Amino acid sequence: METYLECAKLLNEFLAGARAVRITVPGYMPLSVEEIGTSRDGHRLVSLCQYGEQNGDLMRDCDLVFLVTDLSDGAAAEPVSFRNDYLGLSQEVYRYDETGRRTHVVSSLKQDLKEFARAWFATLREQGFFAPTAVRKDLSP
């Protein structure tokens, strides 16, 4: 759970009250952080994504979506999907029935995405995306 609390804290730091931001650091692909709606069971979804370009098309490299749960002492953000357009890969941790109730969890993917999120946030910190010198543009509607 500690990792999920840290993820929520870092996503909130990126968003800083906005619904969508683009953060740029010279030498790296821009980072997009965006509230993209709610899960089938009513939790806020936040996308952390870097886009590349191939033949004029934007390509997600990668897009990690977090399910944000409000807790009594803050929020937790659990990575629940991964997409990489270059690899043609799209993965979901949870399956839902027609009523929006979770019916299945892919435990191995849940653990893999937790570890990936931890590593990606560390890389983003090393690359300067959390630094005051990173250029942050609010794209909120």
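Residues numbered from 1 in each chain as written. Predicted model: local features only at pLDDT ≥ 70, side-chain atom pairs only at ≥ 80, totals over all residues. Heavy atoms only, no water.

1. Some thoughts on the pairing of strand β4 (residues 57-71)
Part 1 of the reasoning: By the bridge criterion, ten bridges tie strand β3 (residues 44-54) to β4 in an arrangement that is antiparallel. The partner of serine 47 across the bridge, within β4, is valine 65.
Part 2 of the reasoning: Between β3 and β4, which pair antiparallel one after the other, the connecting turn spans two residues, and asparagine 55 there sits at a positive phi close to 50°.
Part 3 of the reasoning: Taken together, the ten bridges between β4 and strand β5 (residues 74-84) define a ladder with antiparallel strand orientation. Among the inter-strand pairings, aspartate 63 is bridged to a residue of β5, identified as arginine 83. (Pairing = 2+ DSSP bridges. Helix = DSSP H or I, 4+ residues; strand = E, 2+ residues; numbered from the N terminus.)

2. As for the sheet that holds strand β6 (residues 89-92)
Part 1 of the reasoning: The strand order β6-β5-β4-β3-β2-β1-β9 describes an open sheet built from seven strands, whose pairing is antiparallel. Bordering the open sheet on either side are β6 and β9 (135-138), each of which pairs with just one other strand. For this sheet, the mean angle separating the axes of adjacent strands, direction not counted, is 25°.
Part 2 of the reasoning: Relative to strand β2 (residues 31-38), strand β1 (residues 20-24) runs antiparallel, the two being bridged by four bridges. From the neighbouring strand, isoleucine 23 faces β2, where its bridge partner is leucine 31.
Part 3 of the reasoning: This element, helix α1 (residues 2-15), spans β1, β2, β3, β4, β5 and β9 of the sheet and lies at about 85° to β5. (Axes fitted to C-alpha atoms, helices over the stretch in contact; angles between N-to-C directions. Contact = heavy atoms within 4.5 Å.)

Scope: geometric values only; no functional claims are made or implied.
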